[in-house]
Structures are given as C-alpha cells and as structure tokens.
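A structural walkthrough
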Amino acid sequence: MLLTETIAVALAALRANKLRSLLTMLGIVIGIGAVIAMVALGNGAQQSIEERIAALGTTVIQVNPQRIRQGGVVMAGTIAKLTVDDAEAIRERAPDVLMVNYQQDQNQQVVFEDHNTNLRIVGTIPNFLDVRGYRIESGRMFTEREEVGRRRVAVIGADVADQLELADPLELLGQQIRIASRAFTVIGVLERKGVGGFSNPNEQILIPFSTGRFQIFGTDRLNDIWALAASESQVNRAMDEVTMALRRSHRLRFDQDDDFRIRNQTDFLETLNETTETFGLLLAGIAAVSLVVGGIGIMNIMLVSVTERTREIGVRKALGATKRNVLLQFLIEAVVLCMLGGVAGIVLGVVGSAQLASSMGWHAAIDWESIAIAFLFSSLVGVLFGVWPAQRAARLDPIAALRYE
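In this report, we go over the structure that sits alongside the text. (Residues numbered from 1 in each chain as written. Predicted model: local features only at pLDDT ≥ 70, side-chain atom pairs only at ≥ 80, totals over all residues. Heavy atoms only, no water.)

1. Here we look at the overall build of the protein
To keep things clear, this is the line we draw: Strands are runs of DSSP state E lasting at least 2 residues, helices are runs of H or I lasting at least 4, and numbering of each runs from the N terminus. Working definition: with a 1.4 Å probe on protein chains only, accessible area under 20% of the residue-type maximum means buried, over 50% means exposed, and in between means partly exposed. By definition, residues are in contact when any of their heavy atoms lie within 4.5 Å. Here, Shrake-Rupley sampling with a 1.4 Å probe gives the accessible areas, and only protein chains in the shown set may cover a residue.
The number of helices and strands found in the protein is 13 helices and twelve strands. For the protein, with 405 residues in total, the buried portion stands at 46%. Expressed as a percentage of contacts within the protein between residues at least 6 apart in sequence, the contacts between residues at least 24 apart total 77%. Accessible surface computed for the protein: about 20800 Å², of which carbon and sulfur atoms make up 57%.

See below:
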C-alpha cells in the first residue's frame, strides 16, 4: 500500500466519524487555546509592568527608614529616623546624584464643598516633578518661595476629582479645598501617571514641605528620600554613595547594620518580572496538563476505533497490507486529529486573548514562539498517544481479525 493511499484511507476513516473526531480533538483545542491565551496575557502583563516602571524612572533611587537591628535582632517599635539633614548629606556627598527630593506623606480628610474623601497628602519640595518624573497637565507647581513661606497651595493628582465626585479635575483649579480642616488653594493638576507599588499616584495631593511639616504632619521625620542618578550606568555607584552618606550622617560604626533601605525602580522591575514569569509558567503548566488529558482521550478513542475496525484491519492485511501500513494508518489518524486540534486551538487562543484583553481592559502580547511550540507539542502528543493503538492494530493476526464479530 502506497503512502498516499495510506493517508487517504486514514483521512476517510476520520471523515466517516466526524462527530467522534470533533469531540476527540476538543481536549487538544482547549489545551492549545489555553496555553496561547495564558502566555499572551502573561507577556502583556509583563510589558505593561515594564512600561509603568520605566515611566516611574529607572534612575530614581528611593531611601526608606527601617527598623533598627541590635545584634542581628530587629527591635520592636524602633524605626530609624530620616530627616532633612540626611537629604542634605546625600546632596553634598553623593557626586553621582543630580537631584534629591524628600517627602512626608499621610492620609488626611479632604473636603470640597459638600464632598469629602480620604486621600494621601504628600509634603514635598518643588523639584518633585523633575526627580519623580511627573508632569503638570494644567496650572503649575508650587515654587521655592511658596515652600519656604509655608503657603497653603496644592497640586492634585488626576483622579482626585473623581474621589470628590467631580467630573473634571479642572473644576478644582483655582478653588479652595480643605485638608485636615485647613484651606488650600489648588494651583495645578498632575498628568495621569501609571500605577506603581501599593498606592495610586493619581490619588495624591502635593503640598509644600514646610507647610505640611508645621501645619499638617507635625513632625520632622521623612517618609522617603528620592535621589536621581545621572544615568542608568551610574545608578549602582550612586546607591553606594547614598549609603555611605547616610551611614556617616547616622554615625553608624562599621559593624552596625544600615538603619535605612535603598532601592531603585530596577529592583521593582526585576521582582515583578520574576512574579509574572512564575505565574506564567504556572498557568502554562496547567494548560499543558489539559493537553496531556486531551492526548489520553485521543489514545482512548483510537483504542476503541481499533476494536471496532478489527474486521477491516483483517481484510486489509488479507489484501496485502503490511504491519507498517496499518501502523502508519492509525498513527496518521491520531496525528491529524492533534494537528487539526492544534490549528483550531491556535485560532481559539489568539481570538480568546484578544477578546479578554478588550473586554477586561488587560494587555495581551501574542508570542509566536509559544504558538509554534504549542503546535509542535500537539503533534508530538498525537505521535506519543497514537503509537500504542497503532501498534495494537498492526499486531492483529489477519485470520483472527477476519473471524472477529
């Protein structure tokens, strides 16, 4: 029997049982579709995270106070202190740092007319925009003179108006809002910023540092110090300089641990990338299990098919078909089922990921390499799970097969 004839016989057998073939392919279709959709959504999430981290600035270094350690033990209730003097020490002793910004922040009640909400109030200095990578959409940033003069002016995030049940943030421009029962004039609206970390930067209100320190927060402790490195290649050196400046400012001995924590946005990016990769592998593994289940279903159906077509196999062997011809015929049937299921699964995965992205507002990035791997895997499943039924058919004795009822 020629190869072309063997293929034709295999395809004819599949066409003769269309519904069974369709149901057999279903496991492969779902498996391939799930793999492609999950990988696409995972890649999209990773790209989105990278874009947001990049928007925050890859040369920005953040310094936070942390709990004091004694003898390697964290002392309960003892959080180190960061002050303006520490920020000045960084400015003076870190040559690879272009600018230093510092801030105090606290959630406070914000009132406008008969609307009120609880928002994050940030007391900072005018170079906040340059260091943190923010832009003003409307209005202006407060000036150095307003900061020193403790003026009650505020720059609001893009979503502050929504929190106060207003349709447009420009409605607040030039208006007075009350923060912790004190009246502030809104002089600017920040451009929308990508969400990063645990807080929404679009729901914050900026006020002059001196105003916040003496009229709102009542403390000289800083929550964060932000340093802008000259370039990405100088970030590590700048971090070392910041560390040495703060250790000297805090009078720490060489055998004492740092009482502060330094990190940059690249650290966030690496952590988030590792997390998304882990979840992507987990989801791909779950989808791969469905492929294996689909392959087992194909093997089961093919075994049933061998039993049902025992007499047919006997007739073919009696007419001269060899074991190799019979083996190849059933193997082709299994592989064709898996390949057709793979094609349908690819279409389902691409369309499904696009629909999920549009309906849920997610970001999806189709990975053509994953599509190729999924298709090859589906073909491999067809071979692996089709071999045993095909061998069973090939080993049938033609006389016993002809007598089979």
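2. Here's the deal with the nonpolar core
What counts, and what does not: Here the nonpolar core consists of buried residues drawn from Ala, Val, Leu, Ile, Met, Phe, Trp, Tyr and Cys, with membership extended through side-chain atoms lying within 4.5 Å.
Ile 61, Val 63, Ile 90, Tyr 102 and Ile 225 are the most contacted members of the largest nonpolar core, which totals 25 residues. Broken down by secondary-structure element, the contributors of at least two residues to this core are strand S1 (60-65), helix H3 (84-93), strand S4 (97-112), strand S11 (224-229), helix H8 (235-249) and strand S12 (260-264). With six residues, the single largest contributor to this core is H8. Not counting chain neighbours up to four residues away, the residues in contact with Val 63 comprise Leu 82, Asn 223, Asp 224, Ile 225, Val 242, Leu 246, Phe 260, Arg 261 and Ile 262. Ile 32, Val 39, Met 299 and Leu 303 belong to the second-largest nonpolar core, a separate cluster that totals 21 residues.

3. Quick notes on the side chain of Thr 117
Summarising the element assignment, Thr 117 is placed in strand S5 (residues 115-124). Thr 117 sits in the buried class, given a relative accessible area of 11%. Excluding residues that lie within four positions of it along the chain, Thr 117 makes contacts with Gln 108, Gln 109, Val 110, Gln 163 and Leu 164.

4. Quick notes on unusual backbone geometry
Located in the positive-phi region is Arg 150, a residue other than glycine, with phi close to 55°. Secondary-structure assignment places Arg 150 in the loop between helix H5 (144-148) and strand S7 (153-156). For Ser 181, which is not a glycine, the phi torsion comes out positive at approximately 70°. Considering the arrangement of structural elements, one finds Ser 181 in the loop between strand S8 (176-179) and strand S9 (182-190).

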